[in-house]
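So the chains spell out like this:
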Amino acid sequence: MPPLARHEGDGDRRLGGHEAAYRPLDLHINDSSVPWEVRTGRAPVTAVGVEIPKALLPLEGGLAVRRLPGRMPAHEGIGALLAQFLTQLISDTTPYQPTDGARLGSVLVDLCAALLAHGADAERALSKETHSRTLILRVQRFILEQLHNPQLTPSAIAAAHHISISYLHRLFRREEATVAAWIRRRRLEAARRDLADPALRTLPVHAIATRWGFSRAADFSRAFRTAYGTPPRGYRSQAASS
């Protein structure tokens, strides 16, 4: 059962007696156990896809092909998470090690299962474990998009996802860091990249701190020194000299 994210080109698909048209930034699902056909127009079609055995999808009771929607968007919601994950995987494989394969595969399967369940309006078909893993990915993506916001707090994150603060903290137990620690780590990593960027050399350190959600420069300097063993200005100087 391969989900496929279309980047360019239009076409249509016939699956199990049902037809659906596709446009760029759409996701479509093919089931190899059912006769299917994809037709394209004159323009070239570029897409990214993956094939997953149904037996690996953690959906309680399975999911009938007839319940699958004709088209799912890849620019929002779980579809965007899956499309971005696939695109990032194929764009540059150098950061990954062979031992990352199993973990990345688990994330991919969970995202595909969540997409199918959501598309069929059957999220209750997801196992609790898969639902939790998918939710933590959504929360983390939300955090990364809001790192610049100094008001990004556990309570704000929980409210945005309609969950309790205690449940949010339980989700992060597997990350081996509290919610606040995870946010701080991502902010420090982003600030460190900016400090090492020659194009931002004239940007004051306090401006970089503010850019990544640190409202007080002193707090940023202290957290940066604790994390990397050197103050921000010292790190910037070392990066420039190397």
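About the criteria used
In this numbering scheme, every chain counts its residues from 1 along its sequence in written order. Local features in a predicted model are, by the rule used here, given only for residues with pLDDT of at least 70; side-chain atom pairs are given and counted only at 80 or more, and totals for whole chains, interfaces and linings are based on all residues. As a convention, hydrogens and water are excluded, and side-chain values are obtained from all of the structure's heavy atoms. In this description a helix means any DSSP run of H or I spanning at least four residues, a strand means any run of E spanning at least two, and both kinds are numbered starting from the N terminus. Helix span, as expected, comes to 1.5 Å for every residue beyond the first. A simple rule labels every residue: compare its accessible area, found with a 1.4 Å probe on the protein chains alone, to the largest value its type can have, and call it buried under 20%, exposed over 50%, or partly exposed in between. Here the axes come from fitting lines to C-alpha atoms, over the contacting stretch only for helices, and the angles between their N-to-C directions go from 0 to 180 degrees. Working definition: roughly parallel below 35 degrees, roughly antiparallel above 145 degrees, roughly perpendicular at 65 to 115 degrees, and oblique for all remaining angles. Should any heavy atoms of two residues lie within 4.5 Å, those residues are considered in contact. Helix crossings are classified by the rotation of the near helix relative to the far one: an anticlockwise turn of less than a right angle makes the crossing left-handed, while a clockwise turn makes it right-handed. Residues are sorted three ways: Asp, Glu, Lys and Arg are charged, Ala, Val, Leu, Ile, Met, Phe, Trp, Tyr, Cys and Pro are nonpolar, and all the rest, Gly among them, are polar. The nonpolar core is taken to be a set of buried Ala, Val, Leu, Ile, Met, Phe, Trp, Tyr and Cys residues, with the residues joined through side-chain atoms within 4.5 Å.

1. Description of helix H3 (residues 128-145)
With 18 residues, H3 extends 26 Å from end C-alpha to end C-alpha; this agrees with the ideal 26 Å at 1.5 Å per step. Within H3 the residues assigned to the buried category are Thr-130, Ser-132, Thr-134, Leu-135, Ile-136, Val-139, Gln-140 and Ile-143.

2. Concerning the packing of helix H6 (residues 179-196) against helix H8 (residues 217-228)
How two helices pack is summed up by the angle between their axes together with the distance between the axes. For the pair H6 and H8, interaxial distance at closest approach is 11 Å and the crossing angle is 90°. Our classification of the angle between H6 and H8 gives roughly perpendicular. Contacts between H6 and H8 involve Arg-184, Leu-188, Glu-189, Ala-191, Arg-192 and Leu-195 on the former and, on the latter, Phe-220, Ala-223, Phe-224, Ala-227 and Tyr-228.

3. Focus: the packing of H3 against H6
Their axes nearest at 10 Å, the elements H3 and H6 cross at an angle of 45°. Classified by the angle between their axes, H3 and H6 sit oblique to one another. Of the two possible hands of crossing, H3 and H6 adopt the one that is right-handed. Residues Gln-140, Ile-143 and Leu-144 of H3 form the contact with H6, whose participating residues are Trp-182, Ile-183 and Arg-186. Broken down by class, the residue content of the contact of H3 with H6 amounts to four nonpolar, one polar and one charged.

4. Section: the nonpolar core
In this structure, Val-139, Ile-143, Ile-157, Leu-168, Phe-172, Ile-183 and Phe-220 are the most contacted members of the largest nonpolar core, which totals 27 residues. Counting only elements with at least two residues in this core, the list comes to H3, helix H4 (154-160), helix H5 (165-171), H6, helix H7 (205-211) and H8. Ranked by the residues each element gives to this core, the list is headed by H6, at seven residues. Core analysis: the next-biggest nonpolar cluster, separate from the first, contains 23 residues, Ala-83, Phe-85, Leu-111 and Ala-114 among them.

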